[in-house]
Every structure is written in C-alpha cells, then in structure tokens.
Amino acid sequence: MLSTAKREEMLRMMIKLRAFEEKLEELYQKRAMYGSTHSYRGQEAVAVGVCSALEPRDLVASYHRGTGHLIAKGADLYRLMCECMGRLEGYSKGRGGKMHMGDMSFGFLGNTGTVGATVPIATGAALAAQLRGSKEVVVSFLGDGAMNQGVVHEAMNFAGIWKLPVIYVCENNLYAMTVSVEKSIAIKHVAERAKGYGFEGKVIDGNDVELVYAETLEAAEKGRAGGGATFLECLTYRWDGHFGGDPGTGYRRKEEIEEWKRRCPIKRLKEKLIAEKNLGAGEFDMMSAAVYSELDEVTKRALASPMPAREFDLDSIYARSEVGHG
Ligand SMILES: Cc1ncc(C[n+]2csc(CCOP(=O)(O)OP(=O)(O)O)c2C)c(N)n1
Ligand SMILES: [Mg+2]
C-alpha cells in the first residue's frame, strides 16, 4: 500500500498536468503559443503513475501528446512553458515548440511529432543501458495509433530478442486523430501483440494512478533484474480534441465523452483519499489553488521572457550548405 504522502504527491502532480493543459489552451486561443496543443487532459494517471514509479536515473521518451510526460518526469515548468511559446529560455531555445524537446538532466530523451518514432529511440537507449550495465530502465510512451507503424514492430521485436530493460506504455485513448481503435486495430487488446515479441503484455485501467504505479514498479524491477521488456496497455481517454483546433466531437459521441469524464483520474484519487479521511475537501481545494497560482506566475514570467534573436537563426544547425548564400 502506498503511503498517503506519496498518493498526495501523485494527486498534486495530476492537477499540475491538467492545469498546464488548460493554460496552454488559453494561450493557444490568444495566439501566444508556438504551434498547436495536444491536450493530455483525462490521461494524467498514466504519466504520473509511470513516472512516480521510476528512479531519477531512468529514462523516458515521449510523443506529440508529451507535456504530461515531461512534467511528471521533472521538467521545469518555466522552461517548458517558454518552449511552448517559442521563447529563448525554452528547452530547445524556442526552436522545437511543445512537441520537440529533451533534457538528460531529468532523464528525458525527448519527444517527437513523428508517430511511432519514440519507440526505436527508447529501445536504442535501453540497448545502451544494457551494454553499459547501468541498471537504468527506459520507458517509451506511445499511442494506440503508433502501434500500427512499421518501425514500432521492428523495435519491439529487437527488444524481445535482446531482453532489453524497456517498458512500452501504450496509452490506448481509443482514437488516433478521428479514427477509432475498432477501425484500425484488428484485435480487441493491442497488448496481445507483446506475446509475438516474446515479452509480457498487460491491459490495465489507465485512469487508476495507483495501479499504473504498481504495474510500472513491477516492470521496472523486472527490467533491472535482466528480465526484459514489458508492454502495458493503459486504457484511458483524451477529454479534448486531438489538437487545439479540433472540438473532439463529430467522430465521438457526447455520451462517450461524458462517461469517461465521470472516470476522471483526479476525482477518483481525491474521493478515495477523502473517504479514507486522509484528505479534507478544503485541503484539496488549497492544493489545487496553489498549483494553478504557481502556473499563473510561470506563465507571466514566460510571456515576459525574450524571443530568440535573428542572429541565432543558424545556431545548432548541424548540416548546412556553404554555397548559395547571398
Ligand atoms: C509518421 C506520422 N504519420 C502520421 C502523423 C499524423 N498524426 C499525428 S498524431 C496522429 C495520431 C496518433 O494517434 P495515437 O498514436 O493514438 O496518439 P494520440 O494522438 O491518440 O495520443 C497522426 C496520425 C504523424 N505525425 N506522423
Ligand atoms: Mg490514441
């Protein structure tokens, strides 16, 4: 059983993830963001459950819906916000925007907008960890849609052969853009594919943060002990549209959205802690208010921070032609 302090910490972190998405949406509407949003609202228990079970030395690779993974793994909110706004003090000096940043100081290999590309990156990092004997475990987050990319199959097969210390966390939120899993995946649970790669695949409730935590801990211990990869299919749901400009309806029924909102991962842990008398309703409100006000401060600072200067346009460009300028 997890301590109350640990569960409160996870609750606070889930609120932080949600507040961040709400702030990004507000900024997107004001055209203050660099690029679009891919809201993580509704899926918070996956990022928080997984990252809370990892050790600081462990590594994470993520995808386009990656702000939650970044925060849960320890990103600095100010630098993250700056990157989302294309500002100089962002993790990629404002060049990558919210889909492209990484920082090894907190074990974040990076996220990418190329669907499926996260998986070979994480698998390669797991091979490196195995060769170094470092006992690091690598997590690859991916969506259900990514499961149909060829490179994912190649990487998972490789992980199975080499018994790599990697955990594939598939966030099955039932849709890839507007396409439902029923239309794109021939089997009911994509976790069944893990058997074909020679490692264990489990289907779990991705809105239960304590369960996600426990399953990740078990998979990480197995990976560290040389037991190889694990695939966790976390059943969850994105509350919002695929990206900022998508209302999220049309291809999804209103009742379906409402039903999943009732299964809110934050509400679930909050109510459990209150029922156990480990948290008061007032305490929850205070916790929540503190998170939102911290984020307001961070946003204010980020909005006042510098934009990248023209002189730096060619910095960090590794391949460029020496001819044709002028
Ligand atoms: C290689 C590639 N193909 C297509 C796209 C366009 N695209 C962006 S997100 C997305 C859907 C991904 O769905 P899923 O993996 O389930 O993640 P979710 O958006 O549901 O979190 C697609 C097809 C892309 N970015 N990269
Ligand atoms: Mg999906």
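Attention in this report is confined to the structure presented alongside it.

Rules used in this analysis
- Residues numbered from 1 in each chain as written.
- Chains lettered and ligands numbered in written order.
- Predicted model: local features only at pLDDT ≥ 70, side-chain atom pairs only at ≥ 80, totals over all residues.
- Heavy atoms only, no water.
- Helix = DSSP H or I, 4+ residues; strand = E, 2+ residues; numbered from the N terminus.
- Contact = heavy atoms within 4.5 Å.
- Buried < 20%, exposed > 50% of the residue type's maximum accessible area, 1.4 Å probe, protein only.
- Pairing = 2+ DSSP bridges.
- Patch = residues over 30% accessible without salt bridge, like charges linked within 9 Å, V, L, I, M, F, W, Y side chains within 5 Å.
- Areas by Shrake-Rupley, 256 points an atom, 1.4 Å probe, with all protein chains shown as cover.
- Salt bridge = Lys/Arg side-chain N within 4 Å of Asp/Glu carboxyl O.
- Disulfide = S-S within 2.5 Å.
- Lys, Arg positive; Asp, Glu negative; His and termini not counted.
- Near = heavy atom within 4 Å.
- Polar contact = N/O pair within 3.5 Å; in protein donor to acceptor, adjacent residues only side chain to side chain.
- Nonpolar A, V, L, I, M, F, W, Y, C, P; charged D, E, K, R; others polar.

1. Some details on the side chain of Thr-118
Right, on to step 1. By secondary structure assignment, the location of Thr-118 is in helix 5 (residues 118–132).
Right, on to step 2. Leaving out residues up to four positions away in the same chain, Thr-118 has contacts with Ala-61, Ser-62, Tyr-63, Thr-112, Ser-140 and Phe-141.

2. Examining the pairing of strand 1 (residues 59–62)
Along any regular strand the residues' side chains alternate between the sheet's two faces.
Right, on to step 1. Residue alternation in strand 1 divides its side chains into two sets, Leu-59 and Ala-61 and Val-60 and Ser-62, and both sets are buried.
Right, on to step 2. In terms of strand pairing, strand 1 meets strand 3 (residues 138–143) through three bridges, oriented parallel. Each bridged residue has a counterpart across the sheet, and for Ala-61 the counterpart in strand 3 is Ser-140.
Right, on to step 3. Relative to strand 2 (residues 108–111), strand 1 runs parallel, the two being bridged by three bridges. Within the sheet, the bridge partner assigned to Ala-61 lies in strand 2 and is Gly-110.

3. Considerations on unusual backbone geometry
Right, on to step 1. One non-glycine residue, Leu-174, adopts positive backbone phi at about 75°.
Right, on to step 2. By the element assignment, Leu-174 lies in the loop between strand 4 (166–172) and strand 5 (175–176).
Right, on to step 3. With phi around 55°, Met-177 is a residue other than glycine that occupies positive phi space.
Right, on to step 4. On the secondary structure map, Met-177 appears in the loop between strand 5 and strand 6 (179–180).

4. Some words on a nonpolar patch on the surface
Right, on to step 1. There is a patch of nonpolar side chains on the surface, built from Phe-158, Ile-161 and Trp-162 and spanning about 310 Å² of accessible area.
Right, on to step 2. By the element assignment, Ile-161 lies in helix 6 (residues 150–162).

5. Let's talk about the state of the cysteines
In protein structure, a disulfide is the covalent linkage between the sulfur atoms of two cysteines.
Right, on to step 1. Applying the stated criterion across every chain, the model contains zero disulfides.
Right, on to step 2. Not part of a disulfide, Cys-234 finds its nearest cysteine sulfur in Cys-170, a span of 7.9 Å.
Right, on to step 3. Residue Cys-234 is classed as buried on the basis of its relative accessible area, which comes to 0%.
Right, on to step 4. Cys-264 carries a free sulfur, and the closest cysteine sulfur to it, the one in Cys-234, is 16 Å from it.

6. A short note on the side chain of Glu-21
Right, on to step 1. Position of Glu-21 among the secondary structure elements: in helix 1 (residues 4–29).
Right, on to step 2. Buried within the structure, Glu-21 lacks any salt-bridge partner; its nearest side chain of opposite charge belongs to Lys-98, at an N-O separation of 6.7 Å.
Right, on to step 3. Beyond its immediate stretch of four places on either side in the chain, Glu-21 contacts His-38, Ser-39, Tyr-40, Arg-41, Thr-67 and Gly-68.

7. Quick look at the site of ligand 1
Right, on to step 1. His-64, Arg-65, Gly-113, Gly-145 and Tyr-175 are the nearest of the 16 residues found near ligand 1.
Right, on to step 2. The contact in question runs from an oxygen atom of ligand 1 to an N or O atom on the side chain of Asn-173, over 2.9 Å.
Right, on to step 3. Taking Tyr-175, its main chain carries an N or O atom lying 2.9 Å from an oxygen atom of ligand 1.
Right, on to step 4. Calculation on ligand 1 without its partners gives an accessible area of 590 Å², and the protein chains cover 74% of this total.
Right, on to step 5. Classifying every residue of the shell around ligand 1 gives six nonpolar, eight polar and two charged.

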